[in-house]
Amino acid sequence: MKYSLVLTGVGGQGTILASRAISLAAMEKGYMIRSTETLGMAQRGGSVISHIRFGDEVYSPIVPSGQADALLGFDLIEAVRWVSLLKKGGAALINKALIPPYEVLIGESHFNEDEAKQFLDSLAADNVIFDMTSLAVEAGNYRATNAVLLGAFSIKGGSPLEPELLEKVMLGLIPQKLTDINKKAFELGQKAVS
Amino acid sequence: MEETTGTRVLMMGNEAIARGAVEAGISVAASYPGTPSSEIMGTLAGWAKQFGYHAEWSVNEKVAAETAAGAAYTGARAIVSLKQMGLNVASDAVMSLAYIGVEGGLVLAVADDPGPHSSQTEQDTRYFATFAKLPVMEPSSAQEAKDMTKWAFELSEALHLPVIVRPTTRSSHSHGDVVLGEITSPKKDFAFIKDPKWCILPSLSAKNHVLLENKQEEAKKLFAESPFNWVEKGETDWAVITSGVSYNYVKEALELLGMNPTILKIGSPYPLPDELALGVMKKAKRIIVIEEQEPVIEDQIIRLAWKNKLNLDINGKWTGEVSRFGEFNVERVKSFFETILGISPEQPEPASKQQAPTIPGRPPILCAGCSHRATFYAFKEAGKKNEPVYCGDIGCYTLGYAPPLKAQDTCLCMGGGITIAYGLSLIEKDRPHIAYIGDSTFLHAGMTGTLNLVYNKANVTVVILDNQTTAMTGFQPHPGVGLSATGDPAPQADLEKIVRGLGVEHVETVNPNDIQATIETAQRALDYSGPSVVIARAPCINRIKLEKSYFIDKDDCSECEICIEDLGCPSIIKSADGVVISDTCAGCGICVTICPTEAIKEVSK
């Protein structure tokens, strides 16, 4: 068994916590793990990506092109940027919300949202785009977007990690006072794709 | 930290290096932050009290290396962690230290950055190791990073030489499962024993140069017996020699190609364990060397083949199939094999048959509310008539190079802005030259350049962007902060006193978020004949919450877009309703001052 996924987003969105939760869950299952993420200056509002790979035997921490079993996108634009890593038929779980890059915000560059969505719809994948940020807000805080994403991943990711295990590990990583919000966000994420 | 031997935990490569040092029983750890190495000391500082060793952020890497060397002179174990450019700063000490040697184990954990992701150069520390004649080890996984670091202390003591452990971004910033080893408590009874061998006089250097050369042979033997070099027997008449993270890409590329050659995995790229390599070379018709960056192993393999008159092909960087540039991955390594072996490349079927739409770039950007933006704006206003040159330095503020701010015309190296500005001023006598430098960088490498301005009567304005932290690498404290690496109170360096002590007479401190005052301060500094210093002091916006925000009142906005063009703040954006301030506003309020129609107002709570 070998499972690979990528999480993409914008610096500061919580990709690192989500990636840690998945890695720790894989750890508990006894798999060999390799993961890597963007750190340092690139995080200042830049494009970030986490790669996670686990299984009986894995080597490269970077997911090779076309080998990701799942693409988890915190941001619509960043999901499109890294789509070449997704395997044909792999799971794509993508936040409909997006943070426009600065060059778009000041009108120096252009991004066509409909074109991007239409492209993502063409993936030969179990492809789910929904508004994770709104569900996080509904759960109590937009920062719980990563919990919504993890909830959706636990159902549709096609990974050997059980939803109960993922939820337990995730809750272990956040301050206790935020448990309820994140629990709810996780469940809303599950519901959205069920 | 988890202390139980045998426990399996998830660890970042840099944390694993820290754990290896603790398992080895270090007494001293010293560092200056630099991506991708910073988490080594970040981790060591967090564990220092629990395990009873000294951990510090030193003023710079040279200081860190000398501090650790001093401790190792007594027989204690010490580690220095730094990035590849930090090793350049420490090189004066390290080159001599190779001749002098150490008593206790001294490990330099030097993180390289192929890509580069966050560095000025793509230099290969393994070449530095070859140059300095220091053994270097290269981990391929977090487990190996821990085990190698621990073992490196023993090697260092066996050879009486500092040993380099060289992770790269992809091993420093990768997580893996690691089985913990036993922790050794640092001993307490080390002492420095006086001996002429500690004074590097030319006569001693001449003698020690020969000894240093002999140690290379000893190192080869010890490396050959180490668990970090191994042979995986295969079925082809060609073999692969690889090292570090590239080993992982080789394994997976070969799996994708369905091939099973012999692999020699090297954990000690210099000095190469000759006999082990020869064993593989003698049985192969072709050797393919896959290593990131420079041909360090390849050069040694070529020399071995020549010396032993072996008749075989050696493919790698010198034959042009394997790149010297950038970071490797499975696809790149697979394509190197395809080129060398003449296999037609095979691509995985794409997830979509459609062409992906073009995506706008998203480079990192100065944060909303960053006080550097205010300083850049004020100096631009003050210098408007004379078109000053802005010499930048290494830190978040380097991001000010981007439009619309364009606040960095040069950037070279740590502390280089002040001295480049001075050099420019010697030629362009009538133009203002401004050097921007952060607080941590000023203390690291800016003080000597400032003294040189005074001594040589320069006409340069130094602007210390004092945000009270080392922001870019993860908010580490420094001597100007008042906190030690381990979180204890520390004497706080007074930048103004330092600058005055260096002999600068025109010194002013200003809060950059007070735009008008900053413009006036900038004007006075630029008008002053002689070296001047402005300390622009406001805490990093990531470390405080201003609890306010602003909006643009449509009724008053003339859509002139001066706020966008002059500030480049990521919170001031264009929308269907014209220019608006988004909910990412951090509340610094500098846009309020510059709006010509007073349309920017505070959101009332």
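All of these numbers come straight from a predicted model, not from anything done at the bench.

### A closer look at the overall build of chain B
Counting its secondary structure elements, chain B contains 19 helices and 22 strands. Relative to its length of 605 residues, chain B is compact, with a C-alpha radius of gyration of 27 Å against a globular reference of 25 Å. Across its three principal axes, chain B shows a C-alpha extent of roughly 80 × 75 × 55 Å. Classification of the 605 residues of chain B by burial places 54% in the buried group. Considering only contacts in chain B between residues 6 or more positions apart, those separated by 24 or more positions represent 79%.

### Observations concerning the overall build of chain A
Counting its regular elements, chain A contains eight helices and six strands. For 194 residues, the compact-globule estimate of 2.2 N^0.38 gives 16 Å, and chain A sits close to it at 16 Å. Projected onto its principal axes, the C-alpha coordinates of chain A cover approximately 50 × 40 × 35 Å. Residues counted as buried form 58% of the 194 residues belonging to chain A. Across chain A, every contact between residues at least 6 apart in sequence was considered, and the portion connecting residues at least 24 apart equals 67%.

### Considering the packing of helix α13 (residues 371-383) of chain B against helix α17 (residues 515-527) of chain B
Residue and element names in this part refer to chain B. Remark: α13 packs on α17, axes separated minimally by 8 Å, with the N-to-C direction vectors making an angle of 55°. On the basis of the axis angle, α13 is oblique to α17. For the element pair α13 and α17, the recorded crossing hand is right-handed. Residues Ala374, Thr375, Tyr377, Ala378, Phe379, Glu381, Ala382 and Gly383 of α13 form the contact with α17, whose own contacting residues are Ile515, Thr518, Ile519, Ala522, Gln523 and Leu526. Looking at the contact of α13 with α17 residue by residue, the classes come out as nine nonpolar, four polar and one charged.

### Some remarks on the interface of chain B and chain A
Where interface size is quoted, it is often the accessible area lost as the parts come together. The partner chain A presents 52 residues to the 42 residues of chain B that form the contact. At the level of secondary structure, the elements contributing two or more residues to the side of chain B that touches chain A comprise β8 (174-179), α9 (246-257), α12 (330-341) and β20 (572-575) of chain B. Considered class by class, the residues forming the side of chain B that touches chain A number 21 nonpolar, twelve polar and nine charged.

### Things to note about the pairing of strand β17 (residues 506-510) of chain B
Residue and element names in this part refer to chain B. Where β17 lies against strand β18 (residues 532-537), five bridges are found, and the strand directions are parallel. Bridge pairing links Val507 to Val533 in β18. Read from β17 through α17 to β18, the crossover connection turns out right-handed.

### Comments concerning the sheet that holds strand β3 (residues 54-57) of chain B
Consider a sheet: its strands pair through backbone hydrogen bonds, and that pairing is either parallel or antiparallel. Residue and element names in this part refer to chain B. Pairing is parallel in the open sheet, where six strands are placed in the order β3-β2-β4-β5-β7-β6. If you trace the sheet from one side to the other, it starts and ends with β3 and β6 (136-137), each paired once. As paired strands, strand β2 (residues 28-31) and strand β4 (residues 78-83) are joined by four bridges and run parallel to one another. Each residue of the ladder has a partner; that of Val28, found in β4, is Ala78. Helix α4 (residues 84-100) rests against β4 and β5 (106-111) of the sheet, and its axis sits at about 130° to β4.

### Looking at the nonpolar core
Residues and elements named next belong to chain B. Of all hydrophobic cores here, the largest spans 107 residues; its most connected members are Ala21, Ala29, Leu44, Ala68, Ala78, Val107 and Ile241. Here this core gets eight residues from one element, more than from any other, and that element is helix α6 (residues 142-159). Sequence-distant contacts of Ala29, defined by excluding residues within four places in its chain, comprise Ala21, Met41, Leu44, Tyr53, Ala55, Ala78 and Ile79.

### Focus on the sheet that holds strand β6 (residues 126-130) of chain A
Taken in spatial order, the eight strands make up an open sheet running β6(A)-β5(A)-β4(A)-β1(A)-β3(A)-β2(A)-β8(B)-β1(B), and their pairing is mixed. Edge positions in the sheet fall to β6 of chain A together with β1 (8-12) of chain B, since each has one partner strand and no second. Ignoring which end each strand starts from, the neighbouring axes of this sheet average 20° apart. Where β1 of chain B lies against β8 of chain B, five bridges are found, and the strand directions are antiparallel. Looking across to β8 of chain B, one finds that Met11 of chain B is bridged to Gly176 of chain B.

### Comments concerning the domain arrangement of chain B
Here chain B is described as being made up of domain 1 (8-225), domain 2 (230-341), domain 3 (371-537) and domain 4 (550-602). One C-alpha centre belongs to domain 2 of chain B, the other to domain 4 of chain B; they are set 57 Å apart.

### Some remarks on α4 of chain B
Residues and elements named next belong to chain B. If you check α4, its first and last C-alpha atoms are 22 Å apart, about what 17 residues at 1.5 Å a residue would give, namely 24 Å. Buried within α4 are the following residues: Gln84, Met85, Gly86, Leu87, Asn88, Val89, Ala90, Ala93, Val94, Leu97 and Ile100. Buried residues in α4 make contact with α3 (61-73), β4, β5 and α5 (125-132). Within two residues after α4, Gly101 carries a phi angle of roughly 85°, on the positive side.

Conventions adopted
Residues numbered from 1 in each chain as written. Chains lettered and ligands numbered in written order. Predicted model: local features only at pLDDT ≥ 70, side-chain atom pairs only at ≥ 80, totals over all residues. Helix = DSSP H or I, 4+ residues; strand = E, 2+ residues; numbered from the N terminus. Rg over C-alpha atoms; globule rule 2.2 N^0.38 Å. Buried ≥ 20, exposed ≤ 12 C-beta atoms within 10 Å, placed from the backbone. Contact = placed C-beta atoms within 7 Å. Axes fitted to C-alpha atoms, helices over the stretch in contact; angles between N-to-C directions. Parallel < 35°, antiparallel > 145°, perpendicular 65-115°, else oblique. Left-handed = near helix turned anticlockwise from the far one by under 90°. Nonpolar A, V, L, I, M, F, W, Y, C, P; charged D, E, K, R; others polar. Pairing = 2+ DSSP bridges. Right-handed = clockwise from strand over helix to strand, strands pointing away. Core = buried A, V, L, I, M, F, W, Y, C linked by C-beta atoms within 7 Å. Domains from an automatic or database assignment. Expected span 1.5 Å × (residues − 1).

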